[in-house]
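Below are the chains, spelled out letter by letter.
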Amino acid sequence: MSGTSASLRRIASEVGVSRTTVSNALRGTGRMSDEMRQRIRETAEAAGYLPSHAARALRIGRSANLGLVVPDFSMPLFPVFARAFEAAARRHGLALMVADAMGTDDGQAQAMRELVGRGVDALIVIPLRDTDASASRLPVPIITVDSEANAANTVASDHRDGGRQIARHLVDLGHRDIVILVSSGASTVSSERARGMEEVFSAAGARMRLVPVAPDFDSARDFGMTFDPRSATAIAAAYDAQAVGVISALRERGIDVPGEISVTGFDNLIWGRIISPTLTTVAQDLDSIAEHALAVATGTAHDTRIVPVKLRARASSGPCLSEQSNQDREKDQCSTQD
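Residues numbered from 1 in each chain as written. Predicted model: local features only at pLDDT ≥ 70, side-chain atom pairs only at ≥ 80, totals over all residues. Heavy atoms only, no water.

**So, the packing of helix H9 (residues 217–226) against helix H10 (residues 240–252)**
Here's step 1: The interhelical angle for the contact between H9 and H10, taken along N-to-C directions, is 40 degrees, at an axis separation of 7 Å. It follows from the interaxial angle that H9 and H10 lie oblique. Crossing angle aside, the handedness with which H9 passes H10 is right-handed. Residues Phe217, Ala220, Arg221, Phe223, Gly224 and Met225 of H9 form the contact with H10, whose participating residues are Ala241, Gln242, Val244, Gly245, Val246, Ser248, Ala249, Leu250 and Glu252. (Axes fitted to C-alpha atoms, helices over the stretch in contact; angles between N-to-C directions. Helix = DSSP H or I, 4+ residues; strand = E, 2+ residues; numbered from the N terminus. Parallel < 35°, antiparallel > 145°, perpendicular 65-115°, else oblique. Left-handed = near helix turned anticlockwise from the far one by under 90°. Contact = heavy atoms within 4.5 Å.)

If you want it as structure tokens, here you go:
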């Protein structure tokens, strides 16, 4: 007889029910009174039947095993996300399994099915662009971490306000001619960040040009290698990977950042803190996002939440050059001084 079968038999004998009833109670299935289910769980915990994290989760009525699906581990933001979720799970004594969608819709669907097949009690999904993970017909709750623009969203950063903060920063520095790098694929996150920037730039009378670029270093670097620095005074990227790629290209070409053009990003990745000049960006509170997603997954919270973000002003953004210091620029590219 296996250890699992023996344990189930001992618990069933002590409580006075069948092994099937014990198994159902521990899985949260089957028809029985709440009192009986709780008694079986307490007996199982006392017998040491479950690992400590799962026993604690059963005792307080929370899910013990959670799944996290990220869009693509090759993108630098998502390993950081996974680390935040793993840390939150450990703090609460929960087990977390992580799967990579490999950047495809089919990969996302497969990762979700495989995690459910491994027995997770809930799925947390950072969805691929233009996908609705919540529409999947899976027998577990699905918690979506995306943006406020996604109707299925459970928790997300305030991406639009982050865009506003970046734009105000550049406007305060005198910039009135800006290129906004957005994702070349459908992305509610990129769109929300760009909309926030557009609100502020429009109110300031600035000129804007949205340029779609894939949200990765190489694509942004290619853009930076052909970009004419006389065509704008600042580049506001929707992602740090884009901003770092642009700065790398500009530096290789001998173009001074921020002396000739300012560059900003979004996400506060380690890349932006080690590149020279260090990157002005927006920091997400990933710990708070992870905490709320886990709370919803385990049934201790039921609301949606938008988490504040914070501007991190660093060396890659500076005052707009006046027309006197750069005759190649049009006179109204920078704000006029009184």
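**Structural notes on unusual backbone geometry**
Here's step 1: Along the chain, Val257 connects to Pro258 via a cis peptide bond; the corresponding omega equals 10 degrees.
Here's step 2: Tracing the backbone shows Pro258 in the loop between H10 and strand E9 (262–264).
Here's step 3: Here the amide bond leading from Ser276 into Pro277 is cis, since omega sits at 0 degrees, within 30 degrees of zero.
Here's step 4: Relative to the assigned elements, Pro277 resides in the loop between helix H11 (270–274) and strand E10 (281–283).
Here's step 5: Not every positive phi belongs to a glycine, and Met102 is a case in point at roughly 60 degrees.

**A short note on the side chain of Thr281**
Here's step 1: As for its placement among the helices and strands, Thr281 is situated in strand E10.
Here's step 2: On the accessibility criterion, Thr281 (1% relative accessible area) is buried.
Here's step 3: A polar atom in the side chain of Thr281 sits 3.2 Å from the backbone nitrogen of Phe266.
Here's step 4: With near-sequence residues (within four places) excluded, Thr281 lies in contact with Ile166, Asp240, Gly265, Phe266, Asp267, Asn268, Lys310, Leu311, Arg312 and Arg314. (Buried < 20%, exposed > 50% of the residue type's maximum accessible area, 1.4 Å probe, protein only. Polar contact = N/O pair within 3.5 Å; in protein donor to acceptor, adjacent residues only side chain to side chain.)

**Concerning the sheet that holds strand E4 (residues 142–145)**
Here's step 1: Taken in spatial order, the six strands of this open sheet run E2-E1-E3-E4-E5-E11, and their pairing is parallel. With one partner strand each, in any of the chains shown, strand E2 (95–100) and strand E11 (305–307) form the two edges of the open sheet. Along the sheet, successive strands turn relative to each other by an average axial angle of 20 degrees, direction set aside.
Here's step 2: Helix H12 (residues 286–297) rests against strand E1 (65–70), strand E3 (122–125), E4, strand E5 (153–157) and E11 of the sheet, and its axis sits at about 170 degrees to E5. (Pairing = 2+ DSSP bridges.)

**A short note on the side chain of Ser262**
Here's step 1: For Ser262, the position within the fold is in strand E9.
Here's step 2: Classification of Ser262 by relative accessible area gives buried; the value is 0%.
Here's step 3: A polar contact is formed between the side chain of Ser262 and the side chain of His175, at a distance of 3.4 Å.
Here's step 4: Contact partners of Ser262, with chain neighbours within four places excluded, come to Leu170, His175, Thr233, Ala234, Ile235, Ser316, Ser317 and Gly318.

**Some thoughts on the pairing of E1**
Here's step 1: The buried count for E1 comes to five of six residues, which makes it a mostly enclosed element.
Here's step 2: In the sheet, E1 pairs with E2 via six bridges, with the strands oriented parallel. Looking at the pairing, Val70 lines up with Asp100 of E2.
Here's step 3: Following the backbone out of E1, through helix H5 (residues 77–91) and into the adjacent parallel E2, one traces a crossover that is right-handed.
Here's step 4: One ladder, built from four bridges, connects E1 with E3; its direction is parallel. Within the sheet, the bridge partner assigned to Leu66 lies in E3 and is Ala122. (Right-handed = clockwise from strand over helix to strand, strands pointing away.)

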